[in-house]
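What follows is each chain in one-letter form.
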Amino acid sequence: MIKLPSIFRIFHILLLTMSVQSTNSFTTNGNGDLASSKQNQNISNAELNTSTVTTMSSRSTGVNMSLSAGSSSSSSDGVGVGDGETKTKAETEGDQLLIKAQAGKIEELKNREAALSRLLSAVRKEKMSALRSRPLTIGVVGFGRFGQFISETFAKHGRVVATSRSDYTDIASDLGVTYVPLSDPDAFLDNQLDVIVLATSIVSFESTVQNMVEPLKRYIAKQKRGNRRGPLIVDVLSVKEYPRQILLDLLPEECDIMCAHPMFGPDSGKNGWYNLNFVYERTRMDGVVLDQTAADNEESFVEEGTHQIHSVHENSEAHIEAKDRMERFLSIWEEEGCNMVPLSCAAHDAHAANSQFITHLMGRILGAQGLEPTPIDTKGFDSVLRLIDTTTADSFDLFYGLYKYNQNSMDTIIKLQDSMNDVVERLKNAEKGDLEKAVIASKL
């Protein structure tokens with residue numbers, strides 16, 4: 001059967017033939033495109049490039065483009081490619097130039113990538129230099145297992161002062177941390193703290209904040225009039241809306257507020273913080289509560305409720321200092337390799353109920369069954385035992401706090417109960433079906 005070539009292919013070959021006849025030589029224009037050395041070239045560079053791409057595209061579809069019916073041999077003007085296809089010398093040159101152009105583009109992108117990498121490295125070095133030239137003094141309230149865990153890393157980036165109910169003087173000294181008893185809050189604040197991290201348990205959080213209010217007021221009052229600023233207060237609880245409201249309600253207005261949650265602890269972060277999630281909300285800055293629905297901007301921020309836009313440069317240096325202090329604190333987590341996740345407290349709690357709380361809930365439920373390793377454990381069962389170990393290693397107070405202080409937790413429990421009932425019901429229905437089939441079979 002005679003194979004009829006595509007009308008577009010015939011038109012394309014005619015154009016190329018006319019082009020070859022109208023020029024004695026071809027050169028490249030530096031980008032890998034074909035260009036005629038004659039002023040009377042019949043086809044523009046763009047047209048020729050389009051023809052070349054079209055030819056390659058048509059060839060990739062397996063369409064027979066030979067002008068000779070049923071012929072698979074190459075003509076004197078072309079190069080045989082098999083299956084009845086032929087390519088002109090111009091086409092072959094065009095293909096080669098296109099390949100060179102693509103290779104050149106990849107090389108260009110690699111060079112740009114390398115340049116950006118060098119720029120990023122230089123910026124990071126400059127950033128570290130700026131941070132080290134103005135290291136933060138960080139206070140840590142609550143020097144238990146988690147407080148010691150974060151203090152050890154903070155000490156690499158600045159001065160750390162810790163306080164707690166128990167005497168941790170020796171442990172603090174080993175970590176390079178100054179220790180002050182919680183019974184003397186004024187002495188603790190007199191260390192000129194830039195940031196105070198509240199690393200207490202959920203159940204003792206509110207009382208701890210209440211006990212700090214008056215000492216903070218006294219500390220602020222001792223400062224020069226017109227420059228009375230409190231430290232940045234940061235909470236690191238596993239729930240967020242609860243501590244957020246307490247801090248907004250109780251702390252002096254001169255104290256900035258950040259609500260944060262490192263999604264790791266002494267066990268999961270024992271080998272470093274790289275690639276671990278750090279969730280945070282910039283809550284209050286220079287007396288302004290930030291609108292968490294507004295887009296983040298380095299030069300301005302939106303006030304919650306009024307939606308008024310504030311510039312970091314307005315009125316005084318207070319906004320700039322507040323922003324700078326927050327960014328320097330966040331930079332510690334960034335430099336340790338954390339995945340920085342800006343998230344509102346409300347969104348955090350909604351996500352946490354369906355991730356962190358349900359994980360602890362399942363671990364506690366399975367742990368209550370007294371499951372033990374057996375000689376024939378599967379990998380799946382090993383995972384179950386690890387879940388029990390990691391969740392029950394935390395105090396029950398933490399688990400209770402995740403339940404009590406996250407309004408989404410009860411919904412998670414109800415959904416789990418409903419899902420359990422649904423699965424059991426499906427098992428019962430399947431069993432009932434088998435019994436009915438057995439009865440019917442016995443009557444046959």
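Undergrad: Mind laying out the packing of helix α10 (residues 345–368) against helix α11 (residues 379–392), listing which residues take part and the relevant values?
TA: Between two packed helices, both the angle of their axes relative to each other and the distance between the axes serve to describe the pair. As a packed pair, α10 and α11 sit with axes 8 Å apart at the nearest point and diverge in direction by 105°. Relative to α11, α10 is oriented roughly perpendicular. Taking contact as the criterion, the partners of T359, H360, M362, G363, R364, L366 and G367 in α10 are, on α11, V384, L387, I388, T391 and T392. Across the contact of α10 with α11, the residue classes break down as five nonpolar, six polar and one charged.

Undergrad: So what about the packing of α10 against helix α13 (residues 409–443)? Which residues, and what values?
TA: Look at α10 against α13: their axes get within 10 Å of each other, and the N-to-C directions meet at 55°. In terms of their interaxial angle, α10 and α13 are classed as oblique. Remark: the crossing between α10 and α13 carries right-handed chirality. Contacts between α10 and α13 involve A353, N354, F357, I358, L361, M362 and I365 from the first element and S409, T412, I413 and L416 from the second. Of the residues assigned to the contact of α10 with α13, the class counts are eight nonpolar, three polar and no charged.

Undergrad: Give a description of the packing of aromatic side chains that names residues and reports values.
TA: According to the stated counting rule, one finds 17 aromatic pairs in the structure shown. Considering the side-chain rings of Y168 and Y179, the 6.5 Å spacing of their centres and the 75° angle between planes classify their relative orientation as edge-to-face. With Y168 in the loop between β6 (159–163) and α5 (169–174) and Y179 in strand β7 (residues 178–179), this residue pair connects regions lying 11 residues apart in the sequence. Y179 sits in the buried class, given a relative accessible area of 14%. Ring geometry for F329 and W333: centres 6.1 Å apart, planes at 70°, overall edge-to-face. With F329 and W333 both in helix α9 (residues 318–335) and four residues apart, the pair spans about one turn of that helix. There is no split in this pair, since F329 and W333 are both buried. Cluster of aromatic residues (ring-pair linked, three or more members): F146, F149, F154, F264, W273, F278, Y280, F329 and W333.

What counts as what
Residues numbered from 1 in each chain as written. Predicted model: local features only at pLDDT ≥ 70, side-chain atom pairs only at ≥ 80, totals over all residues. Heavy atoms only, no water. Axes fitted to C-alpha atoms, helices over the stretch in contact; angles between N-to-C directions. Helix = DSSP H or I, 4+ residues; strand = E, 2+ residues; numbered from the N terminus. Parallel < 35°, antiparallel > 145°, perpendicular 65-115°, else oblique. Contact = heavy atoms within 4.5 Å. Nonpolar A, V, L, I, M, F, W, Y, C, P; charged D, E, K, R; others polar. Left-handed = near helix turned anticlockwise from the far one by under 90°. Phe/Tyr/Trp six-rings, centres within 6.5 Å; stacked < 30°, edge-to-face > 60°. Buried < 20%, exposed > 50% of the residue type's maximum accessible area, 1.4 Å probe, protein only.

What is shown is where atoms sit, not what they do.
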